[in-house]
Amino acid sequence: MDEVVFRSPRRKGRIAVFLSGRGSNFTAIREAVERGAIDGEIALVLSNKADAPGLLKAREWGLETVFLDPKLFASREDYDRAGVGEVEKRRVDLIVLAGYMRVLTPGLCDAFKYRIVNIHPALLPSFPGLHVQQKAIDWGVRFSGCTVHFVAAEVDMGPIILQAAVPVRPDDTEDTLAARILVEEHKIYPEAVRLYFEGRIEVRGRRVFILEPGA
Ligand code: GRF
């Protein structure tokens, strides 16, 4: 078996959520934090969209928020460096991408290796990219689903932490399939963050192993 390249820390974690849109995954994670299922706190919600509903919700809930306006930065590298600054200022352990519609630069990925997770609404490595529910329907797959994975420099490609499958029905539209997948997203994303701060995620090669409690 490949050697261990990473083991998640067992600690009360400081979480940064990056989002660009409605923030339903953010909401699910916040709920898990609130009810104590995740041993952690949301230290920052950062967005590239001033009016992202998720950002507005975070503000209403009294969480610390940052809007980083892409127009104010000369390059993607500069933008991500500013993001790293915001995250480091708050001693964040884990960056949770929740509908964050920007591709991260290699600089950010490297600075936070095994400390950035993402959720994707398909069973990776099938259907990376955008509009993947429609792509799954068009391809005729019988099952699709969602994937929580570590973020690597290559888009939608890091080690897979959790997945959930849902059936694709003959009469599905992009919206009905997306809704069915979203129900599962809201289960496995908080679950992955919980496991992370229980110190139960181990990476060997590109495979992730979920360790028994107390292992
Ligand atoms: C989700 O479908 C997620 O899988 C994808 O972007 C969408 C975000 O939705 N990465 P929300 O903002 O969490 O509601």
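Preceding block: the structure.
Reading guide: rules and limits
- Residues numbered from 1 in each chain as written.
- Predicted model: local features only at pLDDT ≥ 70, side-chain atom pairs only at ≥ 80, totals over all residues.
- Heavy atoms only, no water.
- Phe/Tyr/Trp six-rings, centres within 6.5 Å; stacked < 30°, edge-to-face > 60°.
- Buried < 20%, exposed > 50% of the residue type's maximum accessible area, 1.4 Å probe, protein only.
- Lys NZ or Arg CZ within 6 Å of the ring centre and 35° of its normal.
- Near = heavy atom within 4 Å.
- Polar contact = N/O pair within 3.5 Å; in protein donor to acceptor, adjacent residues only side chain to side chain.
- Areas by Shrake-Rupley, 256 points an atom, 1.4 Å probe, with all protein chains shown as cover.
- Helix = DSSP H or I, 4+ residues; strand = E, 2+ residues; numbered from the N terminus.
- Nonpolar A, V, L, I, M, F, W, Y, C, P; charged D, E, K, R; others polar.
- Salt bridge = Lys/Arg side-chain N within 4 Å of Asp/Glu carboxyl O.
- Expected span 1.5 Å × (residues − 1).
- Arc of directions from axis to C-beta.
- Contact = heavy atoms within 4.5 Å.
- Core = buried A, V, L, I, M, F, W, Y, C linked by side-chain atoms within 4.5 Å.
- Axes fitted to C-alpha atoms, helices over the stretch in contact; angles between N-to-C directions.
- Parallel < 35°, antiparallel > 145°, perpendicular 65-115°, else oblique.
- Left-handed = near helix turned anticlockwise from the far one by under 90°.

S.K.: Kindly report on the packing of aromatic side chains, identifying the contributing residues and their values.
M.R.: Counted by the stated rule, this structure contains 9 aromatic pairs. An angle of 80° between the planes, with centres 5.0 Å apart, marks the rings of tyrosine 196 and phenylalanine 197 as edge-to-face. The class for tyrosine 196 is buried, based on a relative accessible area of 2%. Three or more aromatic residues joined by ring pairs make a cluster, and in this case those are Phe6, Tyr114, Phe150, Tyr196 and Phe197. Note that arginine 30 overlies the ring of tryptophan 61, its terminal NZ or CZ placed 4.0 Å from the centroid. One residue, arginine 102, lies across the ring of tyrosine 79, its end atom 3.9 Å from the ring centre.

S.K.: Outline the site of the ligand, listing residues and values.
M.R.: In the vicinity of the ligand, the contacting residues are Arg22, Gly23, Ser24, Asn25, Gly99, Ile119, His120, Pro121 and Glu185. Contact distances for the ligand include 2.9 Å between a nitrogen atom and a backbone N or O atom of isoleucine 119. For the ligand, an oxygen atom lies 2.8 Å from a polar atom in the side chain of glutamate 185. Burial of the ligand by the protein chains amounts to 85% of its free accessible area of 370 Å². Those elements that place two or more of their residues in the shell around the ligand are helix 1 (24-34) and strand 6 (116-120). Of the residues in the shell around the ligand, the class split is 2 nonpolar, 5 polar and 2 charged.

S.K.: Run through the pattern of salt bridges, naming residues and quoting values.
M.R.: Taken as a whole and judged by the stated rule, the model has 14 salt bridges. Taking the shortest distance from any N to any O, the salt bridge between arginine 14 and glutamate 41 comes out at 3.7 Å. Here the residue arginine 14 occupies a position in strand 2 (residues 13-19), and glutamate 41 occupies one in strand 3 (residues 40-47), the gap between them amounting to 27 residues. One salt bridge in this structure joins lysine 71 and aspartate 69, with 3.9 Å as the shortest N-O distance. Looking at lysine 71, the relative accessible area reads 73%, which means it is exposed. Its relative accessible area of 17% is what places aspartate 69 among the buried residues.

S.K.: Would you mind going over helix 3 (residues 76-89) in detail, with residue names and values included?
M.R.: If you check helix 3, its first and last C-alpha atoms are 20 Å apart, about what 14 residues at 1.5 Å a residue would give, namely 20 Å. Along helix 3, the residues classified as buried are Tyr79, Asp80, Gly83, Val84, Glu86 and Val87. With its buried residues spanning 160° around the axis, helix 3 presents them on a single face. Exposed side of helix 3, more than 90 degrees from the buried face: Arg81 and Lys89 are the residues found there. Turning to helix 3, the residues buried within the fold contact strand 2, strand 3, strand 4 (65-67), strand 5 (94-97) and helix 4 (106-111). Following helix 3 by one or two positions, arginine 91 adopts a phi angle in the positive range, close to 50°.

S.K.: I'd like to hear about the nonpolar core, residue by residue, with values.
M.R.: Generally speaking, a soluble globular protein has its nonpolar side chains buried in company with each other. Membership of the largest hydrophobic core comes to 44 residues, with the highest contact counts inside it found for Val17, Val96, Phe150 and Ile161. Per-element accounting of this core gives the leading share, 9 residues, to helix 6 (residues 174-197).

S.K.: Give a description of the environment of serine 47 that names residues and reports values.
M.R.: One can find serine 47 in strand 3. Classification of serine 47 by relative accessible area gives buried; the value is 0%. Remark: the alpha-carbon pair of serine 47 and glutamate 184, spanning 137 residues in sequence, is separated by 24 Å. When near neighbours in sequence (up to four residues on either side) are disregarded, serine 47 contacts Leu19, Ser20, Ala52, Leu55, Val66, Phe67, Leu68 and Tyr79.

S.K.: I'd love a proper account of the environment of glutamate 191, names of residues and values included.
M.R.: Position of glutamate 191 among the secondary structure elements: in helix 6. By relative accessible area, glutamate 191 is classed as partly exposed at 28%. There is a polar contact of 3.0 Å between the side chain of glutamate 191 and the side chain of arginine 194.

S.K.: Describe the packing of helix 1 against helix 6, with residues and values.
M.R.: Contact pair helix 1 / helix 6: the axes reach a minimum separation of 9 Å and the direction vectors enclose 45°. The angle between helix 1 and helix 6 places the two elements in the oblique class. The crossing of helix 1 and helix 6 is right-handed. Across the interface between the two elements, Ser24, Asn25, Ala28, Ile29 and Ala32 of helix 1 pack against Leu182, Glu185, His186, Tyr189, Pro190 and Val193 of helix 6. Across the contact of helix 1 with helix 6, the residue classes tally to 7 nonpolar, 3 polar and 1 charged.

The values are spatial; any link to function lies outside them.
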